[in-house]
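Below are the chains, spelled out letter by letter.
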Protein chains: 2
Amino acid sequence: MLSPLVALAQTDPLPSWNDRAPKQAIVRFVADATRPGAATFVPAAERIAVFDNDGTLWAEQPMYFQFAFALDRVKALAPEHPEWREKQPFKAVLEGDLRTALAGGDAAIVELVMTTHAGMTTEEFARTVTDWLATARHPRLQRPYTECVYQPMLELMTYLRANGFKTFIVSGGGVEFMRVWAERVYGIPPEQVVGSTVVTRFEMRDRGPVLLRDPKIDFIDDKAGKPVAINKFIGRRPVFAFGNSDGDQQMLEWTAAGGGTRFMGLVHHTDAEREWAYDRESDVGRLDKALDEAIAKRWTVVSMKDDWKTVFPPARR
Amino acid sequence: MLSPLVALAQTDPLPSWNDRAPKQAIVRFVADATRPGAATFVPAAERIAVFDNDGTLWAEQPMYFQFAFALDRVKALAPEHPEWREKQPFKAVLEGDLRTALAGGDAAIVELVMTTHAGMTTEEFARTVTDWLATARHPRLQRPYTECVYQPMLELMTYLRANGFKTFIVSGGGVEFMRVWAERVYGIPPEQVVGSTVVTRFEMRDRGPVLLRDPKIDFIDDKAGKPVAINKFIGRRPVFAFGNSDGDQQMLEWTAAGGGTRFMGLVHHTDAEREWAYDRESDVGRLDKALDEAIAKRWTVVSMKDDWKTVFPPARR
């Protein structure tokens, strides 16, 4: 009879992954990094694994979920802002005309995001995120946004942590948007979530101190900003990095440039049926230059259609 | 015979602390926070403890050690900068005339710091810190700077970690200056060191990517900046905070304003013989308003002279 420990070791840690090259590369990397005495061994303190969020840990179509939150907030706040009925981009959002709302380009996007993400305390903002997640549902997947996460990536993070890795999110998304749910959904505590920030300031009020979110961008954690944020927040070069778009290219390059055992991976959205299929031409989550570099440098490219047995976790009732 | 476990539990975790009110308050706080089922219980994930560095974990007289590093770097770099022989504040530093060097006020200080801390890659900077620490000695204490740390605070951090707390540094010092040695000296890994930053940018060079430190301040992690940085980097309100100066006042206020079990402490430098005695009138590490607030709100004030049996660890040979 097998002892419980041997049985455990023989349990597949990545049951939602098909037995193809990406899964094999992950398992080989973990074995190499954790084998004591091996030349490939990575000391526990250096086992830093970073993950992009949108399109890597959860879906990002038909729009970044945080932007869906912003649009819903505009609708929720509209009764307090009668002037929005005549003012773009708010007017178009309230009329459900996203194309017109986005005609204003980046300026319109920033205005929609700042209006719904700033001018309040950090605690007030966190509450609006919590409230939204409790009721909002993804329009196509018909489930809460926090269940539009990738089951194979949940297994991967659990597998890494079981092998002494510290898992971090390094995302272009807002850090205070993600921290509200990242611990519950991914098992990643707030102090291991790195993201974009708005300028925040301390204010002493009669009832005690608050932190106020100002409508001003502090830092955008995307593209070349990702290695900068990794250095600023984590202070150690990762040995493992996973992304899905050109926004992750520099993070992967920075990870790859270290010495010793490392792993660089990309999720390639190839599954129009179960999720979405998009890459070089997509506005959201474009994967073009990073895909070329991954192929040239033999980084791991995961084909969602071919490599994942399951995409999303079973729906809760 | 006592079992090893019982013997361990009966060992004093804070042997360098005299048995007075501050030690008792620390031990009571830890017991309250970790007693399962108690109303005072703090879940493990929320056991965030933050420590100022200069004057709280290591000494800060006669000047911040990081500034001593900057002055030594000016001397080391002088042969490459013949123009400094005629240019202030460098000329005065090279002549050992600190009073004249500082006559230029903040602008002179910023110039000395930026000249020695920026215009290089993150790896080059880390190397200069490592090299300096290997040879520099504190002028009065006659030991390496990394041995000018407070033995009672080392014990306190170990005690907290043994009880499931995650210890962070939240310091006005440069984050990349501290991360070089904080893990070895304090047991605090780079990702738990929060501090001031310069603007850093990613650059792809022929031999691979680098991060360049620009001579421009990104963020000063002091005073009202400390709760802002705690929110940005840690994303969770601490339940335990220790400082020593007015620069820590807002961090203590932010910690105190949370609900449930908490601990706010200040190191009061009262020991002219073994260390230094200074508070309300000091230029470095002034403790004035924060001391008034600590007394009014019954935060724990540690008198170095009365509460600490030992100040520094035994000298190494």
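Basis of the calculations
- Counting of residues starts from 1 at the beginning of each chain's written sequence and follows it residue by residue.
- To read the labels, note that chains go from A and ligands from 1, taken in the order they are written.
- In view of the model being predicted, local features appear only for residues whose pLDDT reaches at least 70, and side-chain atom pairs are presented and counted only at 80 or more, with totals across whole chains, interfaces and linings using the full set of residues.
- Excluded from the side-chain calculations are hydrogens and water; all other atoms, namely the structure's heavy atoms, are used.
- Numbering of helices and strands starts at the N terminus; helices are DSSP runs of H or I of at least 4 residues and strands are runs of E of at least 2.
- It is over C-alpha atoms that the radius of gyration is taken, and the globule rule equals 2.2 Å times the number of residues to the power 0.38.
- In this description, contact between two residues means that some pair of their heavy atoms is separated by no more than 4.5 Å.
- Within this analysis, patches are made of residues with over 30% relative accessible area and no salt bridge. Like charges are joined at 9 Å or less; nonpolar side chains (Val, Leu, Ile, Met, Phe, Trp, Tyr) at 5 Å or less.
- Areas reported as accessible are Shrake-Rupley estimates using a 1.4 Å probe. Residue values count occlusion only from the protein chains shown.
- The term salt bridge refers to a side-chain nitrogen of Lys or Arg lying within 4 Å of a carboxyl oxygen of Asp or Glu.
- By nonpolar core we mean a set of buried residues, namely Ala, Val, Leu, Ile, Met, Phe, Trp, Tyr and Cys, connected to one another through side-chain atoms within 4.5 Å.
- Remark: exposure states derive from per-residue accessible area (1.4 Å probe, protein chains only) relative to the maximum for the residue type, with buried under 20%, exposed over 50%, and partly exposed in between.
- Superposition of the copies was done by least squares, using only C-alpha atoms of residues whose pLDDT is at least 70 in both.
- For any pair of parts, buried area is found by adding up, for both, the accessible area (1.4 Å probe) each one loses once the two are put together.
- We call two N or O atoms a polar contact when they sit within 3.5 Å, provided that within protein one can donate a hydrogen and the other can accept it, with sequence-adjacent residues counted only if both atoms are side-chain atoms.
- Two strands are said to pair when DSSP picks up at least two bridges between them.
- Values of pLDDT, ranging from 0 to 100, describe the predictor's confidence in every residue of the model.
- Lines are fitted to the C-alpha atoms to define the axes, a helix being fitted only along its stretch in contact, and any angle between axes, read from their N-to-C directions, falls within 0 to 180 degrees.
- Only centres within 6.5 Å qualify two rings of Phe, Tyr or Trp (six-membered ring in Trp) as a pair; their planes then separate them into stacked at under 30 degrees, edge-to-face at over 60, and tilted for everything else.
- Criterion for a charge above a ring: Lys NZ or Arg CZ within 6 Å of the ring centre, and within 35 degrees of the ring normal.

Thoughts on the overall build of chain A
Within chain A, the secondary structure is distributed over 13 helices and eight strands. Computed over the C-alpha atoms, the radius of gyration of chain A is 21 Å, within 12% of the 20 Å expected from 2.2 N^0.38 for a compact globule of 317 residues. Projected onto the principal axes, the alpha-carbon positions of chain A cover approximately 70 × 45 × 40 Å. Counted over contacts in chain A with a minimum sequence separation of 6, partners at least 24 positions apart contribute 66%.

Examining a nonpolar patch on the surface
A surface patch of nonpolar side chains, about 190 Å² in accessible area, is lined by Leu98, Leu102 and Ile109 of chain A. Of note, Leu102 of chain A is situated in the loop between α5 (98-101) and α6 (105-117).

What to know about the nonpolar core
If you look at the biggest cluster of nonpolar residues, it comprises 69 residues, and the most contacted ones within it are Phe51, Met153, Leu156, Tyr186, Phe240 and Phe242 of chain B. With residues near it in sequence (within four places) discarded, Met153 of chain B still touches Trp17, Phe51, Thr56, Leu57, Phe242, Val267 and Trp308 of chain B. By size, the runner-up hydrophobic cluster in this structure holds 56 residues, among which are Phe29, Ala33, Ala136 and Trp308 of chain A.

Considerations on the relation of the copies chain B and chain A
For the pair chain B and chain A, the best superposition has an RMSD of 0.0 Å and corresponds to a rotation of 180° with a translation of 0.0 Å parallel to the axis. What the rotation and shift describe, once combined, is the action of a two-fold rotation axis. For chain B, the residue whose C-alpha comes nearest the rotation axis is Phe233 of chain B, separated from it by 3.2 Å. Interface residue correspondence from chain B to chain A reaches 100%, placing this contact among same-surface, isologous pairings.

Side note on the interface of chain B and chain A
Listed by partner, the interface residues are 36 residues for chain B and 36 residues for chain A. Summing both sides of the interface, chain B and chain A together bury roughly 2900 Å²; the carbon and sulfur share of this comes to 55%. Broken down residue by residue, the surface that chain B buries against chain A is led by Glu191, Phe202 and Lys232 of chain B, which jointly contribute 22%. For Arg237 of chain B, the salt bridge is made with Glu123 of chain A, and the minimal N-O distance between the two is 3.0 Å. The tally of links from chain B across to chain A stands at 22 residue pairs in polar contact (both at pLDDT 80 or more). Put simply, the parts of the chain that give the side of chain B that touches chain A at least two residues each are α7 (122-135), β3 (166-174), β4 (193-205), β5 (208-219), α11 (225-234) and α12 (249-256) of chain B. Ranked by residue count, the leading element in the side of chain B that touches chain A is α11 of chain B, at six residues.

Remarks on the sheet that holds strand β8 (residues 300-303) of chain B
All names here are of chain B. Read from one edge to the other, the open sheet built from eight strands follows the order β2-β5-β4-β3-β1-β6-β7-β8, with strand pairing classed as mixed. The outermost strands of the open sheet, each flanked by one partner alone, are β2 (120-121) and β8. Strand direction decides the pairing type here: strand β1 (residues 48-51) and strand β6 (residues 240-243), joined by three bridges, are parallel. Within β6, the position partnered with Phe51 by the bridge is Phe242.

Focus: the pairing of β5 of chain B
Residues and elements named next belong to chain B. One ladder, built from two bridges, connects β2 with β5; its direction is antiparallel. Its bridge partner being in β5, Thr121 is matched across the sheet by Leu212. Where β4 and β5 come together, eight bridges link them in antiparallel fashion. From the neighbouring strand, Thr200 faces β5, where its bridge partner is Arg213. Taking the residues between adjacent antiparallel strands as the criterion, β4 and β5 are bridged by two residues.

Some remarks on the pattern of salt bridges
The full count for this structure, using the stated rule, is 46 salt bridges over all chains. Two residues, Glu203 of chain B and Arg201 of chain B, come together in a salt bridge whose shortest N-O distance is 3.4 Å. On the basis of relative accessibility, which here comes to 38%, the residue Arg201 of chain B falls in the partly exposed class. One salt-bridge network, in which partners are shared between bridges, spans Lys166 and Arg236 of chain A together with Glu183 and Glu191 of chain B.

Focus: α11 of chain B
All names here are of chain B. The buried fraction of α11 amounts to ten of the ten residues, a majority that puts the element mostly inside the structure. Considered for burial, the residues of α11 that qualify are Gly225, Lys226, Pro227, Val228, Ala229, Ile230, Asn231, Lys232, Phe233 and Ile234. Once α11 ends, the next one or two residues include Gly235, with phi positive near 75°.

As for the confidence of the model for chain A
Considering every residue of chain A, the mean pLDDT works out to 95; 97% of them sit at 70 or more. Two numbers describe this predicted complex: its pTM, 0.95, and its ipTM, 0.94.

Comments concerning helix α11 (residues 249-256) of chain A
Most of α11 of chain A sits inside the fold, with seven of its eight residues counted as buried. Along α11 of chain A, the positions that sit buried rather than exposed are Gln249, Gln250, Met251, Leu252, Glu253, Trp254 and Thr255 of chain A.

Overview of the environment of Glu46 of chain B
Residue and element names in this part refer to chain B. Within the element layout of this structure, Glu46 appears in the loop between α2 (21-34) and β1. A relative accessible area of 40% places Glu46 in the partly exposed class. Sequence-wise, Glu46 and Val74 are 28 residues apart; in three dimensions their C-alpha atoms are separated by 43 Å. Not counting chain neighbours up to four residues away, the residues in contact with Glu46 comprise Arg236 and Val239.

Regarding the sheet that holds strand β6 (residues 240-243) of chain A
Residues and elements named next belong to chain A. An order of β2-β5-β4-β3-β1-β6-β7-β8 is seen for the eight strands of this open sheet, with the pairing classed as mixed. Looking at the sheet topology across the chains shown, the edges are occupied by β2 (120-121) and β8 (300-303). Each of β3 (166-174), β4 (193-205) and β5 (208-219) touches helix α9 (residues 175-186); the most contacted strand, β4, lies at about 115° to it.

With respect to the packing of aromatic side chains
All names here are of chain B. A full pass over the atoms with the stated rule returns 45 aromatic pairs over all chains. Here the guanidinium or amino end of Arg140 rests over the ring plane of Trp276, the centre of that ring lying 4.4 Å away. Positioned over the ring face of Phe125 is Arg213, at 4.1 Å from the centre of the ring.

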